[in-house]
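Next come the chains, spelled out residue by residue.
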Amino acid sequence: MVANARLAELAQLIDRYSSSDGMHDTAIAGLQCIRASQVGMGVPDVFVPCLCVIVQGRKQVMLEEEIYGYEPSQYLAASVDLPIVGQVTEASAERPYLCIKVDIDSRMLSELIAQTGNPPAGNDSARGVFVGKLEDGLADAVLRLARLLDTPADIHTLAPLYLREVHYRLLQSEHGATFTQLAIPDSNMRKVANVIQRLRSAVAEPICIDELAAHASMSSSSLHHHFKQVTAMSPLQYQKRLRLTQARQIMLAESTDAATTAYRVGYESASQFSREYSRMFGAPPIRDIQTLRAGLGAG
């Protein structure tokens, strides 16, 4: 169990560097402070490889039909880019939800594996999002990193060292095998991650499973199997969710109409886009965005 004093100090640091609700970049690259003063509605997003440590409040993340809840003394991590729906489930103005997020660097993981000489774990694919127990070593490393926000002159020299320790602690954690697979170029998880990057870089383009499999140096059946193991969906389902999530973000941020947005994310039929959007988000695009704006405005 992580000592309450660590969580309390982290809470003070996050509160100090997130003066309002939302996600706040810091002077340390790859470190963000997150705050929410009330329970929120589900918001779709695309997770990138990261470590999220809650120090106050609770949150849940939904990946397809799977729900991952986490709270203080736990962390949530993503090993690949995943379209998810996140929802703060416990927060108030008096005790806001507070979280610190650290980006995961696969190159740093690779360097650490080579340096420590740890043998590669098995090559079985694992789900790309998971909840773990925040052990003392990892909590100490995250806290040392966050403390640097109070001493900006030390960031340039010490932040890379503390980030390296965070990555080392992840490799030593109960989910170390998953982080190891992310760092090994020829692992099935790394191949899936490369396919995901290809899908994200050309979200509006049609995909061919055989071409994706060739890009990953896998058979089509092997790609389908490992892709679903990591993401809980097939490549085609992933692309659809990615397109619809991106479309929702575009309409929310830019106030574009549904038809224009549909073509931007790769749909040839606005009516098909509207049908699939309604199935995924529970309402047609216009009504959903109105509801989302009203909820965000109330927050």
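Our subject is the structure that appears above.
Reference entry: report on the structure contained in this document. Worth saying up front: this structure is predicted, and the values here are computed from it rather than measured.

Section: the overall build of the protein chain
- Each helix and strand counted, the protein chain has 12 helices and 10 strands in total.
- For the protein chain, whose C-alpha radius of gyration is 20 Å, the value lies close to the compact-globule estimate of 19 Å for 299 residues.
- Across its three principal axes, the protein chain shows a C-alpha extent of roughly 55 × 50 × 30 Å.
- Taking all contacts inside the protein chain whose residues are at least 6 apart in sequence as the whole, residues at least 24 apart take part in 73%.
- Per element, the accessible surface of the protein chain, about 13,800 Å² overall, is 50% carbon and sulfur.
- If the 28 positive side-chain charges of the protein chain are averaged to one point and the 32 negative ones to another, these points end up 3 Å apart.

Notes on the side chain of R190
- Tracing the backbone shows R190 in helix α6 (residues 188-201).
- For the buried residue R190, which engages in no salt bridge, the nearest side chain bearing the opposite charge is D81, 7.8 Å off.
- Residues within four places of R190 in sequence aside, it is in contact with S106, Q181, L182, I184 and P185.

Description of the nonpolar core
- In this structure, L51, Y97 and L145 are the most contacted members of the largest nonpolar core, which totals 81 residues.
- Not counting chain neighbours up to four residues away, the residues in contact with L145 comprise I28, L31, V102, A159, Y162 and L163.
- I250, M251, V265 and Y277 belong to the second-largest nonpolar core, a separate cluster that totals 11 residues.

Some remarks on the sheet that holds strand β6 (residues 66-70)
- One open sheet holds the four strands; their spatial order is β3-β8-β5-β6, and the pairing between them is antiparallel. The sheet is open, and its two borders are formed by β3 (43-47) and β6, each paired with just one other strand. Averaged over neighbouring strand pairs, the angle between their axes works out to 35° when direction is ignored.
- In terms of strand pairing, strand β5 (residues 58-63) meets β6 through five bridges, oriented antiparallel. Bridge assignment links K59 to a residue of β6, and that residue is Y70.
- Each of β3 and β8 (82-90) touches helix α9 (residues 235-254); the most contacted strand, β3, lies at about 120° to it.

Quick look at the side chain of R35
- Residue placement: R35 occurs in strand β2 (residues 31-36).
- Discounting chain neighbours no more than four positions away, the residues touching R35 are D15, S18, S20, D21, G22, P96, Y97 and L98.

Criteria and cut-off values
- Residues numbered from 1 in each chain as written.
- Predicted model: local features only at pLDDT ≥ 70, side-chain atom pairs only at ≥ 80, totals over all residues.
- Heavy atoms only, no water.
- Helix = DSSP H or I, 4+ residues; strand = E, 2+ residues; numbered from the N terminus.
- Rg over C-alpha atoms; globule rule 2.2 N^0.38 Å.
- Contact = heavy atoms within 4.5 Å.
- Areas by Shrake-Rupley, 256 points an atom, 1.4 Å probe, with all protein chains shown as cover.
- Lys, Arg positive; Asp, Glu negative; His and termini not counted.
- Charge placed at Lys NZ, Arg CZ, Asp CG, Glu CD.
- Buried < 20%, exposed > 50% of the residue type's maximum accessible area, 1.4 Å probe, protein only.
- Salt bridge = Lys/Arg side-chain N within 4 Å of Asp/Glu carboxyl O.
- Core = buried A, V, L, I, M, F, W, Y, C linked by side-chain atoms within 4.5 Å.
- Pairing = 2+ DSSP bridges.
- Axes fitted to C-alpha atoms, helices over the stretch in contact; angles between N-to-C directions.

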